[in-house]
Amino acid sequence: MARGGDSFSHAVRPPGPREFEQIRQLAYRTFGLDLKPGKEELVSARLERLLRGGGFGSYNDYYRHVLADSTGESLMSLIDALTTNHTSFLREPDHFDFLRERVLPALVSRISVEIWSAACSSGEEVWTLLLLLREALPGPAIKVIGTDISRKALDLATRAIYPADRVRNLPPLWISSGFSADTGTPKCYSVRPGLRAQVAFRRLNLIEPFPWSQKFPVIFCRNVMIYFDRPTQQRVIAKLSASLEPGGYLFVGHAESFSGIEHNLEYVQPAVYRRSGGTKGGLWRAS
Ligand SMILES: C[S@@+](CC[C@H](N)C(=O)[O-])C[C@H]1O[C@@H](n2cnc3c(N)ncnc32)[C@H](O)[C@@H]1O
């Protein structure tokens with residue numbers, strides 16, 4: 001293993017065809033990322049820091065190092081580097097309008113409501129959901145579970161401190177009730193401790209078996225399946241569907257289409273699906 005070589009002393013060159021194929025297959029196998037040919041520049045931009053930092057002389061050396069690292073740390077760093085974590089508060093706002101108007105009224109008389117934000121990135125989706133649920137469901141005990149594969153994203157989600165310009169588009173009441181303004185520059189907002197107690201973050205890889213048999217009335221799984229190929233999407237959708245209560249809702253990203261995928265969910269409106277049943281069984285009060 002050539003460490004400290006000078007092959008990467010300037011900009012890291014894109015991987016060659018064989019090197020790209022190694023990384024592509026590793027990413028596909030471990031977290032479902034479908035890296036299409038043509039993404040060589042993206043791979044070199046994302047992995048540059050890791051290759052430089054480890055002093056690897058070639059992608060092949062780096063690849064062999066990741067495979068040989070039995071702690072799993074190097075693989076974790078590779079996943080952190082290759083995942084796209086873009087997100088924002090109140091992203092795709094019509095989902096939150098639909099949730100407030102069409103879904104939550106049916107849950108209002110429950111004792112507790114627990115929902116799942118799968119692939120939650122740095123937490124903005126989780127806190128948005130929690131703030132909405134606290135406002136719309138004053139009765140039930142509320143919990144939002146946030147999961148993601150990226151350790152880096154989950155660290156940020158757990159830290160729950162966001163620059164002022166990221167919370168700017170939230171309703172003023174949500175900002176005042178949900179955050180405290182930190183002193184210092186740039187100005188940041190921290191999620192209040194009372195809200196943190198209503199959230200649990202954990203690492204979960206959507207392509208692996210889910211670690212629970214729990215059923216949720218609502219699952220958000222948005223803007224992650226776009227990185228998977230069709231067979232992986234189909235398997236993940238089947239598992240998400242099995243994790244919904246009868247009558248429960250699945251929200252996906254507006255750019256994610258289920259066309260060509262077999263599933264047992266009812267289409268409700270763009271990017272909203274529902275598992276059938278539930279309305280007569282008492283789980284869902286008619287809204
Ligand atoms: C673009 S962000 C979406 C965040 C949020 N759901 C939203 O719509 O704003 C995609 C997230 O999916 C996560 N991700 C990618 N592959 C995953 C996998 N196999 N299992 C779980 N999370 C994954 C990434 O780490 C990233 O945080």
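Structural notes, computed from the coordinates. The model shown is predicted, which means the values in this text are computed figures rather than measured ones.

## Concerning the packing of aromatic side chains
Here comes step 1: A complete count under the given rule lists 15 aromatic pairs for this structure.
Here comes step 2: Arranged with centres 6.0 Å apart and planes meeting at 80 degrees, the rings of Phe 89 and Phe 179 form a pair that is edge-to-face. Remark: Phe 179 occurs in strand E4 (residues 179–182) and Phe 89 occurs in the loop between helix H4 (73–82) and helix H5 (93–103); sequence separation between them is 90 residues. Each of the two residues, Phe 89 as well as Phe 179, counts as buried.

## Some details on the sheet that holds strand E6 (residues 199–203)
Here comes step 1: The seven strands lie next to each other as E6-E2-E1-E7-E8-E10-E9, forming an open sheet whose pairing is mixed. Each edge of the open sheet carries a strand with a single partner, namely E6 and strand E9 (265–269). When strand polarity is set aside, the average angle formed by the axes of neighbouring strands in this sheet is 20 degrees.
Here comes step 2: Note that strand E1 (residues 112–118) and strand E2 (residues 141–148) share seven bridges and pair parallel. Of the residues in E2, the one forming a bridge with Ala 118 is Thr 147.

## Structural notes on the packing of helix H1 (residues 17–31) against helix H3 (residues 59–68)
Here comes step 1: Where H1 contacts H3, the axes come no closer than 9 Å and their chain directions differ by 25 degrees. It follows that H1 is roughly parallel to H3 by the angle criterion. Every pair of crossing elements has a handedness; the one defined by H1 and H3 is left-handed. On H3, the residues touching Glu 19, Gln 22, Ile 23, Leu 26 and Arg 29 of H1 are Tyr 59, Asn 60, Tyr 62, Tyr 63, Val 66 and Leu 67.
Here comes step 2: For the contact of H1 with H3, the per-class residue count stands at seven nonpolar, two polar and two charged.

Conventions and cut-offs
- For every chain, the first residue of its written sequence is number 1, and the numbers climb from 1 along that sequence.
- Thresholds applied to this predicted model are a pLDDT of at least 70 for local features of residues and 80 or more for the giving and counting of side-chain atom pairs; totals over whole chains, interfaces and linings are not thresholded and use all residues.
- Note that the side-chain values use all heavy atoms of the structure and ignore hydrogens as well as water.
- Ring geometry is summarised as follows: Phe, Tyr and Trp rings, the Trp one being its six-membered ring, pair when their centres sit within 6.5 Å, and such pairs are stacked at plane angles under 30 degrees, edge-to-face over 60 and tilted between the two.
- Put simply, DSSP H or I for four residues or longer makes a helix, DSSP E for two residues or longer makes a strand, and each gets a number counted from the N terminus.
- For the exposure calls, accessible area comes from a 1.4 Å probe over protein chains only, and a residue counts as buried if that area is under 20% of its type's maximum, exposed if over 50%, partly exposed in between.
- Pairing between two strands is assigned when DSSP locates at least 2 bridges connecting them.
- Whenever a helix is involved, its axis is fitted only over the stretch in contact; in every case the axis is a line through C-alpha atoms, and angles between N-to-C directions fall within 0 to 180 degrees.
- Angular relationships are summarised with four words: roughly parallel below 35 degrees, roughly antiparallel beyond 145, roughly perpendicular across 65 to 115, and oblique for the angles in between.
- Note on convention: the crossing is left-handed when the near helix lies turned anticlockwise from the far helix by less than a right angle, right-handed when the turn is clockwise.
- We call two residues contacting when some pair of their heavy atoms lies within 4.5 Å.
- Each residue gets one label: Ala, Val, Leu, Ile, Met, Phe, Trp, Tyr, Cys and Pro are nonpolar, Asp, Glu, Lys and Arg are charged, and the others, such as Gly, are polar.

The values reported here are purely geometric and, on their own, carry no functional implication.
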